[in-house]
Amino acid sequence: MNSSLLFFGLFPILGYLALISFGGRRAALWGALILGMIETGYSVLAFGTLDYISCLALAVLAVSVWASLRSEDDFYFKIQGAMVNAVTAVIMLIAFYGFHRAMLLDAANKYLDFNQLMAQRPELNKDILVETLRVASYQLPAWLILHALLIVYAAANWGKWAWAFVCVPGLFLAMILGLAFAEASVLRGR
């Protein structure tokens, strides 16, 4: 697995936090946008293609930076993670219920080389892993929406460091909980 997927979106937030301390809001917002573009470029180089989630995240980042610069309020930048989560959750639900596609299973096949992973790790039960990713494809959107609501609340009411903590480690926690509950559902059903 390419570890860059796990850290996508982290660098604009870290850049923003570093630059706002030294260069002010405008510099921090521009720096976050530049780091987001660099991340997207790296994604293209690493995978040879630009996927729609990366395009969505960069577009939302650009619009939120523009809105924050225009209004001279960084609230719009701070909620860009919530907007990406909400749109991703909607896309996952539409893909699952409308097109009968499990996005997480598709992503595992695209980014992880699923068959190679199974060959390298024979102790993994392929059926359980496939079913967990399928179940998580319709359960994870609820966790993403919950995380999005928490980001908006933190952006409106908490300081920049608490907001950043909700954004980054909070996303990892939401994903871990979503996958854990999906696996528990699969194991309970067996």
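In this text the structure is predicted, and so the values were computed from the model without any measurement.

### A closer look at the pattern of salt bridges
Opposite charge on two side chains permits pairing when their charged atoms draw close.
No. 1: A complete count under the given rule lists two salt bridges for this structure.
No. 2: Taking the shortest distance from any N to any O, the salt bridge between Asp74 and Arg25 comes out at 3.9 Å. With Asp74 in the loop between helix 3 (52-71) and helix 4 (75-78) and Arg25 in helix 2 (residues 25-47), this pair connects stretches of sequence that are 49 residues apart.
No. 3: What makes Arg25 partly exposed here is its relative accessible area of 37%.
No. 4: As a salt-bridge pair, Arg134 and Glu131 come within 2.6 Å of each other at their nearest N and O atoms. On the criterion of helical spacing, the pair formed by Arg134 and Glu131 is a turn pair, its members being three residues apart in helix 8 (residues 126-157).

### Focus: a nonpolar patch on the surface
No. 1: A cluster of nonpolar side chains, contributed by Trp30, Ile34, Met37 and Ile38, occupies part of the molecular surface with about 420 Å² of accessible area.
No. 2: Structurally, Trp30 is set in helix 2.
No. 3: Residue Trp30 is classed as partly exposed on the basis of its relative accessible area, which comes to 42%.

### What to know about the side chain of Thr132
No. 1: Tracing the backbone through its elements, the reader meets Thr132 in helix 8.
No. 2: For Thr132, a relative accessible area of 7% puts it in the buried group.
No. 3: Other than its neighbours up to four places away in sequence, Thr132 contacts Leu179, Ala182, Glu183 and Val186.

### With respect to the packing of helix 1 (residues 10-22) against helix 9 (residues 160-189)
No. 1: At a minimum axis distance of 11 Å, the contact between helix 1 and helix 9 shows a crossing angle of 170 degrees. Here helix 9 runs roughly antiparallel to helix 1, going by the angle between their axes. On the side of helix 1, the interface is formed by Leu10, Ile13, Tyr16, Leu17 and Ile20, while helix 9 contributes Lys160, Trp161, Trp163, Ala164, Cys167 and Val168.
No. 2: In the contact of helix 1 with helix 9, the residues fall into ten nonpolar, no polar and one charged.

### Focus on the confidence of the model for the protein
No. 1: This prediction gives the protein a mean pLDDT of 85; 93% of its residues lie at or above 70.
No. 2: Ranking the helices and strands of the protein by mean pLDDT puts helix 4 first, with 93, and helix 7 (residues 114-120) last, with 72.
No. 3: Note on residues 1-6: pLDDT under 50 across the span, and ten contacts to partners over four residues away in sequence or across chains.

### Topic: helix 8
No. 1: In a regular helix each residue adds 1.5 Å, so 32 residues correspond to 46 Å; helix 8 covers 44 Å between its end C-alpha atoms and thus fits that length.
No. 2: Ser137 marks where helix 8 bends most, by close to 45 degrees; the proline Pro141 follows one to four residues later.

### What to know about the packing of helix 8 against helix 9
The description of two packed helices rests on the angle between their axes and on the distance between the axes.
No. 1: Running from N to C, helix 8 and helix 9 cross one another at 150 degrees; their axes reach a closest spacing of 7 Å. Relative to helix 9, helix 8 is oriented roughly antiparallel. At the point where helix 8 passes helix 9, the crossing takes the right-handed sense.
No. 2: Split by residue class, the contact of helix 8 with helix 9 holds 22 nonpolar, six polar and two charged.

### With respect to the environment of Gly31
No. 1: Here Gly31 lies in helix 2.
No. 2: Judged by its relative accessible area of 13%, Gly31 falls in the buried class.

Procedures and definitions
Residues numbered from 1 in each chain as written. Predicted model: local features only at pLDDT ≥ 70, side-chain atom pairs only at ≥ 80, totals over all residues. Heavy atoms only, no water. Salt bridge = Lys/Arg side-chain N within 4 Å of Asp/Glu carboxyl O. Helix = DSSP H or I, 4+ residues; strand = E, 2+ residues; numbered from the N terminus. Buried < 20%, exposed > 50% of the residue type's maximum accessible area, 1.4 Å probe, protein only. Patch = residues over 30% accessible without salt bridge, like charges linked within 9 Å, V, L, I, M, F, W, Y side chains within 5 Å. Areas by Shrake-Rupley, 256 points an atom, 1.4 Å probe, with all protein chains shown as cover. Contact = heavy atoms within 4.5 Å. Axes fitted to C-alpha atoms, helices over the stretch in contact; angles between N-to-C directions. Parallel < 35°, antiparallel > 145°, perpendicular 65-115°, else oblique. Nonpolar A, V, L, I, M, F, W, Y, C, P; charged D, E, K, R; others polar. pLDDT = per-residue confidence, 0-100. Expected span 1.5 Å × (residues − 1). Bend = angle between axes of the 7 residues up to and from the residue. Left-handed = near helix turned anticlockwise from the far one by under 90°.

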